[in-house]
Amino acid sequence: MDDVPVLYLTQPKAVRLMNTVWADRTSVHDSLETLGHLQLWAERAGIGDGQLDESDLALARELRDALRRLAADATHDDRRGAVSADVEIETAVAVTNSFLADCTPVLRHEGQGFSRGWQEDGASPFRRELAALALEGADLLAGQGLRACGGPGCVLYFHRSHSRREWCSAECGNRARVARHYQRKRDPA
Ligand SMILES: [Zn+2]
């Protein structure tokens, strides 16, 4: 299915990149498998200029996998299906840092005001967007608000700023409550 879940538009883009790996009742899905996926995802996230190619897809997947691996570590994630065991933590840190190092943000004085742009270093616009996502991801990882969803079978991450919620969505919260209810019936204390 050529689709990307669009449940989490209020989440930071770095989290939305992580959540291109998602699960339904039957299996785990990857919404960044094809260039078509990436174009759809980037369009919905409002990044890039639509001119994407296979190398952009490889870069986006590399950053996504690194951020997911680091998020798993940051959230003490032990969910089956969520954690990719084949990326080492140190590798994921190095990958994230390579995105950060590639693009240098600059402040420019233009006429009456200022604008924040990027140093002209030959990086493509999409590569710079990925650098911005890597930076946002690094801030989230270094902060306190990143969570792994506690919904049954869910593999998503989310950022909570104030609330104490434990689930990425109301649906996952409901499924978690139902699962607890049946568990209590099965194993009465
Ligand atoms: Zn969830």
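Quantities reported herein were computed from a predicted structural model and do not represent experimental measurements.

Participant: Mind laying out the overall build of the protein chain, listing which residues take part and the relevant values?
Facilitator: When its secondary structure is counted, the protein chain shows six helices and six strands. When the elements of the protein chain are put in sequence order from the N terminus, they spell out α-β-β-α-α-α-β-β-α-β-β-α. Based on the C-alpha atoms only, the size of the protein chain along its principal axes is roughly 70 × 35 × 30 Å. Per-residue burial for the protein chain yields a buried fraction of 29% across its 189 residues. Counting only contacts in the protein chain whose residues sit at least 6 apart along the sequence, the fraction spanning at least 24 positions is 55%.

Participant: Got a sec to walk through the pairing of strand β3 (residues 105-110)? Specific residues and values, please.
Facilitator: Within β3, only zero of the six residues are buried, which leaves the element largely exposed. Linking β3 to strand β4 (residues 113-118), which pair antiparallel, is a turn of two residues; within it Gly 111 sits at a positive phi near 60°.

Participant: Give a detailed account of unusual backbone geometry, specifying residues and quantitative values.
Facilitator: The phi dihedral of His 76 falls on the positive side, at around 50°, and the residue is not glycine. What makes His 76 exposed here is the crowd of 7 C-beta atoms within 10 Å.

Participant: Explain the confidence of the model for the protein chain to me, using residue names and the numbers behind them.
Facilitator: Put simply, the protein chain has an average pLDDT of 88, and 96% of its residues get 70 or more. Within the protein chain, helix α6 (residues 170-186) has the poorest average pLDDT of any element, 87, and helix α3 (residues 54-74) the best, 96.

Participant: Residues and numbers for the packing of α3 against helix α5 (residues 125-142), please.
Facilitator: Where α3 contacts α5, the two axes come as close as 11 Å, and the packing angle between them is 0°. For the element pair α3 / α5, the angle class is roughly parallel. From α3, Asp 56, Leu 59, Ala 60, Leu 63, Leu 67, Leu 70, Ala 71 and Ala 74 reach across to α5, where they touch Phe 126, Arg 127, Leu 130, Leu 133, Ala 134, Gly 137 and Leu 141. Grouping the constituent residues of the contact of α3 with α5 by class yields twelve nonpolar, one polar and two charged.

Participant: Outline the nonpolar core, supporting the account with residue identities and numerical values.
Facilitator: With 37 residues, the main nonpolar core has Leu 63, Leu 67, Leu 130, Cys 149 and Tyr 157 as its most contacted residues. Put simply, the parts of the chain that give this core at least two residues each are α1 (13-18), α2 (35-45), α3, α4 (89-102), α5, β5 (146-148) and β6 (157-159). Element by element, the count of residues in this core is highest for α3, at seven residues. Ignoring any residue separated from it by four or fewer positions in sequence, one finds Leu 130 in contact with Leu 59, Ala 60, Leu 63 and Phe 99.

Participant: I'd love a proper account of the packing of α4 against α5, names of residues and values included.
Facilitator: α5 packs onto α4 with a crossing angle of 125° between their chain directions and a minimal axis gap of 8 Å. Between α4 and α5, the angle falls in the class oblique. Crossing angle aside, the handedness with which α4 passes α5 is left-handed. Here Thr 96, Phe 99, Leu 100 and Asp 102 of α4 come into contact with α5, specifically with Arg 127, Leu 130, Ala 131, Ala 134, Leu 135, Gly 137 and Ala 138. Tallied by class, residues from the contact of α4 with α5 come to seven nonpolar, two polar and two charged.

Participant: How would you sum up the pairing of β4? Please name residues and give values.
Facilitator: Each regular strand carries side chains that alternate between the two faces of the sheet. The buried count for β4 comes to zero of six residues, which makes it a mostly uncovered element. Sheet topology places β3 next to β4; six bridges connect them, and they run antiparallel. Each bridged residue has a counterpart across the sheet, and for Pro 105 the counterpart in β4 is Trp 118.

What counts, and at which threshold
- Residues numbered from 1 in each chain as written.
- Predicted model: local features only at pLDDT ≥ 70, side-chain atom pairs only at ≥ 80, totals over all residues.
- Helix = DSSP H or I, 4+ residues; strand = E, 2+ residues; numbered from the N terminus.
- Buried ≥ 20, exposed ≤ 12 C-beta atoms within 10 Å, placed from the backbone.
- Contact = placed C-beta atoms within 7 Å.
- Pairing = 2+ DSSP bridges.
- pLDDT = per-residue confidence, 0-100.
- Axes fitted to C-alpha atoms, helices over the stretch in contact; angles between N-to-C directions.
- Parallel < 35°, antiparallel > 145°, perpendicular 65-115°, else oblique.
- Nonpolar A, V, L, I, M, F, W, Y, C, P; charged D, E, K, R; others polar.
- Core = buried A, V, L, I, M, F, W, Y, C linked by C-beta atoms within 7 Å.
- Left-handed = near helix turned anticlockwise from the far one by under 90°.

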